[in-house]
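Now for the letters of each chain:
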2 protein chains.
Amino acid sequence: MSKNIIIAIDAMGGDNAPKVVIEGMSQARTLYPDTRFLAFGDEAIIGPLVAQHSNLENSVEIIHTSEIVSADDKPSQALRRGRQSSMGLAIQAVKDKKAHVAISAGNTGAQMALAKFILRTMPGIERPALISPMPTLRGESVMLDLGANIECDAHNLVQFAIMGAAYVRTVLGLSRPTVGLLNVGVEDLKGKENIRQAAEILKAEEHLHLEFSGFVEGNAIGAGDVDVVVTDGFTGNIALKTAEGTARLVSELLTRAFTSSTSTKIGYLFAKRGLQSLRSHMDPNNHNGGVFLGLNGLVVKSHGGANANGFATAISTAIDMAKNDLIRLISEELAQTTEVGQECGDDS
Amino acid sequence: MSKNIIIAIDAMGGDNAPKVVIEGMSQARTLYPDTRFLAFGDEAIIGPLVAQHSNLENSVEIIHTSEIVSADDKPSQALRRGRQSSMGLAIQAVKDKKAHVAISAGNTGAQMALAKFILRTMPGIERPALISPMPTLRGESVMLDLGANIECDAHNLVQFAIMGAAYVRTVLGLSRPTVGLLNVGVEDLKGKENIRQAAEILKAEEHLHLEFSGFVEGNAIGAGDVDVVVTDGFTGNIALKTAEGTARLVSELLTRAFTSSTSTKIGYLFAKRGLQSLRSHMDPNNHNGGVFLGLNGLVVKSHGGANANGFATAISTAIDMAKNDLIRLISEELAQTTEVGQECGDDS
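Residues numbered from 1 in each chain as written. Chains lettered and ligands numbered in written order. Predicted model: local features only at pLDDT ≥ 70, side-chain atom pairs only at ≥ 80, totals over all residues. Heavy atoms only, no water.

## Digging into the interface of chain A and chain B
- Across the boundary between the two partners, chain A contributes 57 residues, which contact 56 residues of chain B.
- Buried area between chain A and chain B, summed over both chains or domains, comes out near 4900 Å², and the portion from carbon and sulfur atoms is 74%.
- For Glu217 of chain B, the salt bridge goes to Lys241 of chain A, with nearest N and O atoms at 2.3 Å.
- Applying the counting rule to chain A against chain B returns 6 residue pairs in polar contact (both at pLDDT 80 or more).
- Elements represented by at least two residues in the side of chain A that touches chain B include exactly strand 5 (129–136), helix 8 (219–223), helix 9 (233–258) and helix 10 (262–282) of chain A.
- By residue number, the principal contributor to the side of chain A that touches chain B is helix 9 of chain A, which donates 21 residues.
- The residue inventory of the side of chain A that touches chain B, partitioned by class, reads 26 nonpolar, 19 polar and 12 charged. (Contact = heavy atoms within 4.5 Å. Buried area = accessible area lost by both parts, 1.4 Å probe. Salt bridge = Lys/Arg side-chain N within 4 Å of Asp/Glu carboxyl O. Polar contact = N/O pair within 3.5 Å; in protein donor to acceptor, adjacent residues only side chain to side chain. Helix = DSSP H or I, 4+ residues; strand = E, 2+ residues; numbered from the N terminus. Nonpolar A, V, L, I, M, F, W, Y, C, P; charged D, E, K, R; others polar.)

## Here we look at the nonpolar core
- Counting 106 residues, the largest nonpolar core has Ile7, Ile9, Met25, Tyr167, Leu181, Val230 and Ile315 of chain B as its most contacted members.
- Here this core gets 11 residues from one element, more than from any other, and that element is helix 6 (residues 154–172) of chain B.
- Residue contributions to this core reach at least three from each of two domains, namely domain 1 (1–126 + 294–323) and domain 2 (129–284) of chain B.
- Once residues within four sequence positions are removed from consideration, Ile315 of chain B is found in contact with Ile7, Ile9, Gly24, Met25, Ala28, Phe37 and Ile103 of chain B.
- With 105 residues, the next largest nonpolar core counts Val69, Ala102, Leu202 and Leu240 of chain A among its residues. (Core = buried A, V, L, I, M, F, W, Y, C linked by side-chain atoms within 4.5 Å. Buried < 20%, exposed > 50% of the residue type's maximum accessible area, 1.4 Å probe, protein only. Domains from an automatic or database assignment.)

## As for the domain arrangement of chain A
All names here are of chain A.
- Structurally, chain A comprises domain 1 (1–120 + 294–322) and domain 2 (129–290).
- The gap between the C-alpha centroids of domain 1 and domain 2 is 26 Å.
- Each side of the interface is counted separately: domain 1 has 17 residues, and domain 2 has 14 residues.
- Interface area for domain 1 against domain 2, summed over the two sides, is near 1200 Å², with a carbon-plus-sulfur share of 52%.
- Seen at the junction of domain 1 and domain 2, the total is 0 salt bridges.
- For the pair domain 1 and domain 2, the interface holds 2 residue pairs in polar contact (both at pLDDT 80 or more).

## Observations concerning the relation of the copies chain A and chain B
- Overlaying chain A with chain B gives an RMSD of 0.0 Å, the required rotation being 180° about an axis along which the chain moves by 0.0 Å. Overall, the copies show the geometry of a two-fold rotation axis. Taking C-alpha positions as reference, the residue of chain A nearest the rotation axis is Gly267 of chain A, located at 1.9 Å. (Least-squares fit on C-alpha atoms with pLDDT ≥ 70 in both.)

## Comments concerning the sheet that holds strand 4 (residues 101–104) of chain B
All names here are of chain B.
- Overall, mixed pairing links the 11 strands, which are arranged 3-2-1-4-11-10-5-6-9-7-8 in an open sheet. One side of each edge strand has no neighbouring strand; the edge strands of this open sheet are strand 3 (60–64) and strand 8 (211–216). Ignoring which end each strand starts from, the neighbouring axes of this sheet average 25° apart.
- Relative to strand 4, strand 1 (residues 6–10) is paired through 3 bridges, and the arrangement is parallel. Residue pairing for strand 4: Ile9 is matched across the bridge by Ile103.
- Helix 2 (residues 43–51) rests against strand 2 (36–41) and strand 3 of the sheet, and its axis sits at about 165° to strand 3. (Pairing = 2+ DSSP bridges. Axes fitted to C-alpha atoms, helices over the stretch in contact; angles between N-to-C directions.)

## Description of a positive patch on the surface
- Among the surface-exposed residues, Arg83, Lys95, Lys97 and Arg120 of chain A lie close enough to one another that they form a single positively charged patch.
- As for its position among the elements, Lys95 of chain A is in helix 4 (residues 86–95). (Patch = residues over 30% accessible without salt bridge, like charges linked within 9 Å, V, L, I, M, F, W, Y side chains within 5 Å. Areas by Shrake-Rupley, 256 points an atom, 1.4 Å probe, with all protein chains shown as cover. Lys, Arg positive; Asp, Glu negative; His and termini not counted. Charge placed at Lys NZ, Arg CZ, Asp CG, Glu CD.)

## What about the sheet that holds strand 10 (residues 290–293) of chain A?
Residues and elements named next belong to chain A.
- Strand order in the open sheet made by the 11 strands is 3-2-1-4-11-10-5-6-9-7-8, with mixed pairing throughout. Sheet topology places strand 3 (60–64) and strand 8 (211–216) at the edges, where each strand pairs with a single neighbour. Across this sheet, the average inter-strand angle for adjacent strands is 25°, counted without regard to direction.
- Helix 7 (residues 193–204) contacts strand 7 (178–182) and strand 8 of the sheet and is inclined by roughly 160° relative to strand 8.

## Some details on a nonpolar patch on the surface
- Together, Ile266, Leu269 and Phe270 of chain A together with Ile266, Leu269 and Phe270 of chain B give the surface a local cluster of nonpolar side chains, amounting to about 520 Å² of exposed area.
- Mapping Ile266 of chain B onto the fold places it in helix 10 (residues 262–282).
- Classification of Ile266 of chain B as partly exposed rests on a relative accessible area of 31%.

## Examining the packing of aromatic side chains
- Here the structure, examined in full by the defined rule, presents 0 aromatic pairs over all chains.
- One residue, Lys192 of chain A, lies across the ring of Phe234 of chain B, its end atom 4.5 Å from the ring centre. (Phe/Tyr/Trp six-rings, centres within 6.5 Å; stacked < 30°, edge-to-face > 60°. Lys NZ or Arg CZ within 6 Å of the ring centre and 35° of its normal.)

## Describing the pattern of salt bridges
Residues and elements named next belong to chain A.
- Applying the stated criterion to the full structure yields 20 salt bridges over all chains.
- Note that Glu193 and Arg196 form a salt bridge whose closest N and O atoms lie 2.8 Å from each other. Taken together, the residues Glu193 and Arg196, both in helix 7 and 3 residues apart, mark about one turn of the helix.
- In this structure Glu193 comes out as partly exposed when scored by relative accessible area, which is 44%.
- One salt bridge connects Glu252 with Arg256, and the closest N-O pair in it is separated by 3.5 Å. Residue Glu252 and its partner Arg256 are located together in helix 9, separated by 4 residues, close to a single helical turn.
- Ionic contacts of the salt-bridge type, sharing partners, join the residues Asp325, Arg328 and Glu332 into one network.

So this is what it looks like as structure tokens:
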């Protein structure tokens, strides 16, 4: 592969596909002019959209397929019927080393199932997990799993902790990340059995390259109390979307607050720039691009509801990780904690 | 009982008890001068604190107990040892009709276990659930369960839906509340088995006094897409605290945004009042006071970390519900949907 990044795009996935997908590609290419795209989907629909963007003219290869994974498809259906879909073929391109990374804004469960089937998990890892940075008071933390695994046992959670810490060491450059298990209280006896068991294992394993901080509650996410927040995919997805909904609520109330009187309207004129920077910091479209950790290949998940700017952010995230060879780095990190990885993998 | 409200207070429960509890009582009494308190706890500690507030002089009866339910106590331990604790005795006072409502900021699981044991559940209700209003773009919605039941089956969730709707009809005055089940996607096949089963039951039961809106995602909470958000106590607690943490994050970033330059500082001076109103709207201390629904008596749960203002809010909530005879109204509402209640109760 050339050193320029090649990105396999599921052009048909997401609430507003393929329009915002193609627009996002164009936006991203303005920032990263060396990027090339393989766009999978219905050529009759994608072709005219691509043609609207002059900077995509010689950088996009459209690979036609009429198969689509729908938002309603179960992971099992995606595995049976989705291999030739725009989503499946994009992931296959990574497997075949025709692309450095695959991106889709489609059905998360289907993407996870196809990615796991086509790329296989890293040695010692039972299940991949979806990870993403979250804005916090201290800057950024990461949370996983954000929706790939609805139910998780203790060993899954331990593997998520190890992978999350490896991601933080690699991407954020922290040598010994702090890791917390998301729970309904910080006391040892709180919460579900699988979480308590995971805590026991993480406490016992002293050779891991992480600092286990015990249980953390939901408010620890925004506070940035730990670098890595570990949870099952159901809870992680609810927490992520609740945080986004709350940020949107506050932002909207802020607008109302500023338009409530002449005095506040004047205030807005002066404060505008600071507020725009705040909104930008909290806008989910600027934090878009979760990664499926634990696979032998790079697969990025965009929000289903992302706008063109959001999809461009997901592409930037993908380029960044591909350039830094995230998969190799994580895999090297995990090799150093093989014992634990193996022990957990055996339990499935 | 007199028509003035008598409140049984667990003076020893919560992170900052008994100091903020007593201060909260004093603040509440300034707003509701007719209120009387039974304060349960260590007289040697509470007495001097009460004496510091002149408006509590003739309105507080201290009932001494040296027993305390700690944050570490399991529900089973609370049931064995906690009956004579400040928390247990406060709930017992409601059972004995010596108080209209009991309030504690202590251990949620213990409070739920003791309340269920002492007061018993309403006919047809298997498990009580903790409910609280949440600020939304549309005003206020409610969410339950917020932490009383870590694991819930489909019938528990159906009962929560019915109780939540009854609460909204009673407290918010909406005749046919919309109800959504919190899930990781809105499609029928998404999420866990118990949630999908609950959806099937709620779809089939057409005589309920509610409008079932299907599944909602985490962002629907802040958007106020439904009047009642139904979930298990684990997920609800995480969602609630994540929302609070995010609101705090945005509020802090806002302060930073306003102090980032001279221009934004000037803006702040003009916008101050609007912003204060926003902060006030989002401050969890101003929404404090969850209620355990489904019991034959009124028990209010304050945040463990509430400040004096927050505890005073919980007291106001308690007074409001006691004056409106919430328990009788909910119980009448539930009687109208007896079939479902019974059917669900039978399943335990």
